[in-house]
Amino acid sequence: MYSASKSVLLLQPLKFQAQVWTTALQSQQIEVIEEPAGISFSQLAGQRDAIERANIGLLLVDLGAQQLNAFDVCRWYHDNYPDLKLILTAGLRQKVLSTERRLALEQGAEDLFPGFQQDNILPTAIGRVRRILEILRYHPLEEQDLIDDLMTFYRHGAVPAHKLPTPTEMAFSTSRQSCPIDLDENPQTSTIILPERAYSVQRLSSPEEPPAPVQPPSIQKSKLSKFYLKASLVTLLLLIAGFWGWLRSPNQLQLSPGQGAATLALTPTFSEVPDVPEGLYNYGGSATWALIRPEVEDAIAEVYPNLQLRYVETVKGTPGSGQGIKMLLDGKIDFTQSTRPLNDEEYAIAIKRGFKVTQHTIGLDGIAVVVHPSLNVPGLTVAQLRDIYLGNINNWNQLGGPDQDIIPFSRQSGDSGTADYFQEYVLQNEPFSSSVVPIYSTTDALRQLNRATGGIYYASAAEVLYQCIGKPIPLGLSQDQRIPPQQGKPTQNCPPARNQPNLAAFRDGSYPITRPLYVIVKENKDREQLIGEAYTDLMLSEQGQKLIEQAGFVRIE
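Residues numbered from 1 in each chain as written. Predicted model: local features only at pLDDT ≥ 70, side-chain atom pairs only at ≥ 80, totals over all residues. Heavy atoms only, no water.

*Asks:* What am I meant to see in the confidence of the model for the protein chain here?
*Replies:* Any segment with low pLDDT has predicted coordinates that should not be analysed in fine detail. For the protein chain, the mean per-residue pLDDT works out to 78, and 73% of the residues sit at or above 70. Per-residue pLDDT, averaged within each element of the protein chain, yields its smallest value for strand S6 (residues 191-193) (27) and its largest for helix H13 (residues 382-390) (96). Contacts from residues 159-228, a stretch scored under 50 in pLDDT, to residues over four places away or in other chains number 156 contacts. In this model residues 243-263 is a low-confidence stretch, pLDDT under 50, and it forms 42 contacts with partners more than four residues away in sequence or in other chains. (pLDDT = per-residue confidence, 0-100. Helix = DSSP H or I, 4+ residues; strand = E, 2+ residues; numbered from the N terminus. Contact = heavy atoms within 4.5 Å.)

*Asks:* What exactly am I supposed to notice about the packing of aromatic side chains here?
*Replies:* Each aromatic ring pair is specified by the distance between its two centres and by the angle formed by the two planes. Within the structure shown, the criterion is met by 14 aromatic pairs. Centroid distance tyrosine 283 to phenylalanine 335: 5.2 Å. Interplanar angle 5°. Geometry classified as stacked. Linking tyrosine 283 in strand S8 (residues 279-285) with phenylalanine 335 in strand S10 (residues 335-338), this pair joins segments that are 52 residues apart in sequence. Ring geometry for tyrosine 421 and tyrosine 425: centres 5.2 Å apart, planes at 35°, overall tilted. Here tyrosine 425 and tyrosine 421 lie together in helix H14 (residues 417-426), a separation of four residues that amounts to about one turn. For tyrosine 421, a relative accessible area of 2% puts it in the buried group. In this structure an aromatic cluster arises from ring pairing among Tyr389, Phe422, Phe432, Tyr457 and Tyr458. Seen from the ring of phenylalanine 116, arginine 128 lies directly overhead, with NZ or CZ sitting 4.9 Å from the centre. (Phe/Tyr/Trp six-rings, centres within 6.5 Å; stacked < 30°, edge-to-face > 60°. Buried < 20%, exposed > 50% of the residue type's maximum accessible area, 1.4 Å probe, protein only. Lys NZ or Arg CZ within 6 Å of the ring centre and 35° of its normal.)

*Asks:* Explanation requested: empty space enclosed by the protein in the structure shown.
*Replies:* The gaps left among the atoms become clear once a water-sized probe is rolled over them. This model, assessed by the stated rule, comprises four cavities of 30 Å³ or more. Looking at the second largest cavity, its volume works out to about 50 Å³. Taken together, Thr288, Arg411, Ser416, Thr418, Ala419, Thr442, Tyr457, Tyr458, Ala459 and Glu463 form the lining of the second largest cavity. Those elements that provide at least two residues to the lining of the second largest cavity are H14 and strand S15 (455-460). Here the lining of the second largest cavity gets three residues from one element, more than from any other, and that element is S15. (1 Å grid on protein atoms, 1.4 Å probe; cavity = no way out; pocket = protein on both sides within 12 Å on 5 of 7 lines; lining within 4 Å. Points joined across faces, edges and corners; volume = space filled by probe spheres on them.)

*Asks:* Honestly, the environment of isoleucine 30 in this entry has me stumped. Any pointers?
*Replies:* Mapped onto the elements, isoleucine 30 comes out in strand S2 (residues 30-34). Counting along the chain gives 108 residues from isoleucine 30 to tyrosine 138, while the straight-line C-alpha distance between them is 9.4 Å.

Shown next as C-alpha cells:
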C-alpha cells in the first residue's frame, strides 16, 4: 500500500472514455472523482478549496466538455493553482497533431492525449497511465494490475468480443518498453515546458559530465570526401546567392544577413538521403527550432527507426543558440541548431581544440514584433524599434499611441540567438537599455505582455503569431514601407483562426527583419561530423524543406 494516496478529477463527457480512464487509474490505487459533463467553468473554478481538501493532484479534462473551454481551465489553474496538474484529452479523435499538443502545453497543460480506440486500449493505456504516475510523482506502474483490470473491463462487454487482444498481443504489450503510440501522445522521457513547446529532453547532470558513450559507426574516407564536396558546393551556391541578393537590395543586408536564394537540386525524400547513420545522437540549440523539431523527428524516425535523435538541454543558462554552440564546442552534443551565425571566437575555440565548425543555412525566419492587444499603434520603423530597446523612446505617445509607458521585453543575449541577432543587426551592437525586462522564454514574455498594456516583445514570427496573446504590428525601414509580419490583417478570432507568417514578404526581402536558420556541424572526421552532415542533408531535402515551410519558415529555393 502507498501512504500518500492520489486522486484525479475526471471530466470526460464520453461514457466509454470515462470508463477506460476510471478502470485504468483505479488499478493503480488512484481515486477517481467524476464531475458531471455539464459543469461550467465557474462551477469548476469554485471548487478549488474542495479539490485541495480531497488531495486531488490532477484534472483530466476532455476538449469536448460542452459548458467550458478546456484551455481557459488550463490557464486559470496554471495561474491560480500551479501545483495542480492538468491533462487534456480529445476523446473523439484517433490522433492529435503536434501543433495542437504544443498549444495545449503552452496553455499550461501537462499533455494532450487522443481518445482510446477499442482496438488498442491496452497498449495506449499502459503508456498514458505511466505518464500520469510520473506527473503525480507516484509509484512506478503496476503493469500487471492494469492489464488484469482492463481485461476484466473487456470481458464485461465494454468492448466487442472480436476486439479482445490475443495472448500473443498481450505478451507483446507487456514486454515492450514503450507503447505503439505517436511520440507526441506518449513521451517516454521527462517532458518539460520550454519556450515554444514541450518535447523530450535528457538533462545533463553537470557541465563536466561526458555524454553517454555510443559505438561510432565506421566512416570511410571516401564517404567523408563526398561530404566535403557536397558541403562545399552548397556553401558556394549560398555565397553566390547572398552576393546576388546584396546587389539587388543593398539596404536590406544589415537587417537580413544571408538573404537571397539559389535554386538547389534537392533530394526528394528522407529515404533517398545517403549515408544516414544509426545509433543515438544528442543535439541542442535554438528555441525557435522547437517549432520544426517534432515533425522532423517523427518523419526521420519513420524512415530510419534505428536512428535516435535526443534533444539535450544544458543545466546552465536558458535554452538557445548560444548555449547549443557552447555545448557543441565542449563535446556535450553531436550537432546543434542555431538562429545566429558562428562568431570569430567560436571558430577560434574550435581550431584550438583540434576541429572545425561549419554552419549550413537551411531556411529563413522573420522576426515579428507584438504588443498588447489593446494597444493602438499603426506600426514601427526599425529605427523606432531600435530607440525603444535603447531607451531613447519610453512612451507610446512619442509614436502616435496613447500616453502609456513602454515596457520592452527581451530574452537574454548570449543564450538566445534571437536576442544576439537583434542586438547585432537592430541595435547595431549597442547594449540593451536597463529598462528592458529580461525574460526566460517566449511563453514567459507573452504571459507578461498580456498583463502589461504598454508591453512590446520580438521573436520568431512562427512562434508568436500562432499564439493569441500579442498583437503583431507592421515594420518597415520607413513609415511608408511598413509590412505586416502576418498574412492579411491580424485575426480577431484567435483561436480557432490563427495568424500565419507572411512568408512571401520574408522571402522577397520587403519585410525588414529576417535571419537564416542554421545547422552547426562539428568537422572532426568522426561520428559528430557524420550525423551533423546527414542531418543537414535531411533538412535540405525536398521533404525537409516542406516541413520547414509548414512550420512557418521560408524554405531554401
